[in-house]
Amino acid sequence: MPSRQGKAADGERKTRVAIIGTGLAGLTTAYLLHRDSQKRYDVTLFEQAPKFSLDAASITIKNTKTGTAERIDIPPRSFCRGYYANLCRMYDHLGVPFQHIQLIWVFARISAAAQTQVPSPEDVQTMPGSYFIYGKRLHEMLLISPHFWRGSVQTILQTLYLAICHIWFFAACFLFAPRMIKAETYLDVKSAAKGKSSSASSCESFRQYLDRIRLPQTYALYYLLPVLSIICSCSHAEMLDFPASDVTEFVKGSFLRKTYVARGGINRVQATLAAGIEDVRLETRVTKVDRVDEGVLIRSQSVNGDAAAAAAAAAAAASSEEVFDRVVLAVSPNVAAAIFNPSKPLLSVIPTVPVTSTVVAPLASGLSVVPEKTHVPSGECSYRRGDAQVMAFRTTFSESVVQTETLHYLSDGLVVRTSPVGDAPELKGTLDTARFTRTLRTTESRSAVQKLLAPTKDSDGEGLWTNGKDDVWVVGSWCWDGMVLLEGCVVSAMRVARDLGVEVPWER
Ligand SMILES: Cc1cc2nc3c(=O)[nH]c(=O)nc-3n(C[C@H](O)[C@H](O)[C@H](O)COP(=O)(O)OP(=O)(O)OC[C@H]3O[C@@H](n4cnc5c(N)ncnc54)[C@H](O)[C@@H]3O)c2cc1C
């Protein structure tokens, strides 16, 4: 039964909304409902981790030699104007300043064994296997820089070849829209086994699109896929399975745009979004969400990190139950499918993969992680105006898988390695490791998300659960028709606000 029954502005009982997950999607939904002008919603946040997840993996690094401390956002959560239109409007509304970041890209081919070595900042641009450095926009290099024309013939030819491929790929994204293909879609494993499918048209895959526009394979393999697969944290093959429309829309939306991060760190965004929300259940894992007569039942468990406390809690009462009026699942699709049964048929076709980020410091560098309890992030962030940072794209071309990892060089020799695997090889000088789940896209999962968000007669006929049915919604970076990035978090949170009659302040 509800434990608290606040009153809305009109004297009515407030509607109790449980939001499960405290990433950007969960916190944005909470912010919007909590600030409803008619004060109709009481928001409760559930999070299995000991702190809000938006900033949970970020760390503060102290340099004992200089006495300085810097916040490092993990993941970096970069964005641009254009593609991230709603995120930018929200940041503007929250008063979050943007920090422009500049990167020098180093492309290298490495063996699996070499993945355990991290070149020093001085050696990164000449590391073994490196085949190209991309420091500025190609047109600037070609037209303005006198140094470029003084380079070796091979470099000049290679750059001209890349420039032509690059221009062709970008032009194609603007000129040739991805095709729609009639496809058989299986909505779950059971129906696939029974041969039960629904036929609908789906977008061609990125692989089919590249074939159609005849993009040279060398350019795709060595330059395009390393970058795109890092943006999506997956292997090259998984990237090629993405719907082509995801990539073409992303290219159009980010074309000639500067890259930004939230100045001072994402902790400011988190603090602003969560301000004033009192009912927060950290270390509480939701195990089941069920529609019942009185509302939506949530079953949850304490997941205190302390083993003894966890054992005691498990022995005392396996789980607690509470009924809410509305529930928002701000979790990855595999978790949503596991805890809310009706969503399973649509969500189980959406692939997810593990990703690992590791922070590494040179030995005897004097760098160490400041324990969270003793440090309140102050706003000094590792990205600074004017400093171009090196991002090395290291690709392993093995027979079983072709995949790229990045080494991002920050100040003081600090390096953040991001690998699209759950068990990345251990590195010397590791200060911190964080693991994430990344949602991928396929043409089939795109169709499933479309059915979920925009029910048609077909999906009604199939009796599928769709967003908002049973007073349960999904939000997240995967809950929109685009790349699985921060913009999807904001767009899906705004959709729930609209469904619940709440005005979105940055849309005014
Ligand atoms: C390495 C990496 C780099 C990235 N870089 C960028 C970038 O530069 N730009 C960009 O736009 N995007 C980037 N992304 C993507 C983006 O950061 C994520 O897609 C986005 O943050 C996901 O937010 P979310 O709110 O949907 O979900 P999440 O942040 O995943 O939040 C879900 C939360 O739900 C909690 N939870 C799960 N199950 C339960 C349960 N049963 N009970 C209670 N709580 C539960 C989890 O603990 C988690 O905190 C990156 C992602 C990764 C992994």
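Residues numbered from 1 in each chain as written. Predicted model: local features only at pLDDT ≥ 70, side-chain atom pairs only at ≥ 80, totals over all residues. Heavy atoms only, no water.

Engineer: Sorry if this is basic, but what is going on with helix H2 (residues 85–94) here?
Structural biologist: Each turn of an α-helix holds 3.6 residues, which means side chains three or four residues apart point in the same direction. Listing the buried residues of H2 in full gives Asn86, Leu87, Cys88, Met90, Tyr91 and Leu94. Elements that come into contact with the buried residues of H2 comprise helix H1 (24–34), strand S5 (98–109), strand S9 (259–262), helix H11 (267–274) and helix H17 (486–499). Immediately beyond the C-terminal end of H2, within one or two residues, lies glycine 95, with a positive phi of roughly 80°. (Buried < 20%, exposed > 50% of the residue type's maximum accessible area, 1.4 Å probe, protein only. Helix = DSSP H or I, 4+ residues; strand = E, 2+ residues; numbered from the N terminus. Contact = heavy atoms within 4.5 Å.)

Engineer: Just checking my understanding: could you explain the environment of glycine 129 for this structure?
Structural biologist: Positionally, glycine 129 belongs in the loop between S5 and strand S6 (130–134). Overall, glycine 129 belongs to the partly exposed group, its relative accessible area being 38%. Separated by 20 residues in sequence, glycine 129 and arginine 109 have C-alpha atoms that sit 4.9 Å apart. When near neighbours in sequence (up to four residues on either side) are disregarded, glycine 129 contacts Phe107, Ala108 and Arg109.

Engineer: How should I be thinking about the site of the ligand in this particular structure?
Structural biologist: Near the ligand you find 29 residues, and of these Glu47, Ser53, Arg77, Tyr84 and Ser477 are the closest. A distance of 2.6 Å is found between an oxygen atom of the ligand and a side-chain nitrogen or oxygen belonging to glutamate 47. Within the side chain of serine 53, an N or O atom sits 2.7 Å from an oxygen atom of the ligand. Protein chains bury 86% of the 1000 Å² of accessible surface belonging to the ligand in isolation. For the shell around the ligand, the elements supplying multiple residues, two or more each, are H1, strand S11 (284–292), strand S20 (430–439) and H17. Ranked by residues supplied to the shell around the ligand, first place goes to S11 with 3 residues. Residues that form the shell around the ligand fall into these classes: 15 nonpolar, 10 polar and 4 charged. (Near = heavy atom within 4 Å. Polar contact = N/O pair within 3.5 Å; in protein donor to acceptor, adjacent residues only side chain to side chain. Areas by Shrake-Rupley, 256 points an atom, 1.4 Å probe, with all protein chains shown as cover. Nonpolar A, V, L, I, M, F, W, Y, C, P; charged D, E, K, R; others polar.)

Engineer: How do you make sense of the nonpolar core when you look at a structure like this?
Structural biologist: In this structure, Leu24, Tyr91, Phe169 and Val269 are the most contacted members of the largest nonpolar core, which totals 88 residues. Considering each element in turn, this core owes the most residues, 9 residues, to helix H8 (residues 217–231). Setting aside chain neighbours within four positions, we find valine 269 in contact with Leu24, Leu54, Tyr91, Leu94, Val96 and Ala262. Counting residues in hydrophobic clusters, the runner-up holds 29 residues, among them Val286, Phe324, Leu346 and Val349. (Core = buried A, V, L, I, M, F, W, Y, C linked by side-chain atoms within 4.5 Å.)

Engineer: What is the right way to look at the UniProt feature "transmembrane region" (unreviewed entry) in the protein chain in this model?
Structural biologist: What UniProt calls "transmembrane region" (unreviewed entry) maps, in this numbering, to residues 15–33 and 160–181. Measuring from the first to the last C-alpha atom of residues 15–33 gives 10 Å, for a span that is 53% helix and 32% strand. Note that residues 160–181 is 73% helix and 9% strand, and that its end C-alpha atoms are spaced 35 Å apart. (UniProt positions renumbered as here; feature names shortened; annotations may be inferred.)

Engineer: Quick question: what am I supposed to make of the side chain of threonine 466 here?
Structural biologist: By the secondary structure assignment, threonine 466 is in the loop between helix H16 (457–461) and strand S21 (472–474). With sequence-adjacent residues up to four places away left out, threonine 466 is seen in contact with Lys451, Leu452 and Pro455.

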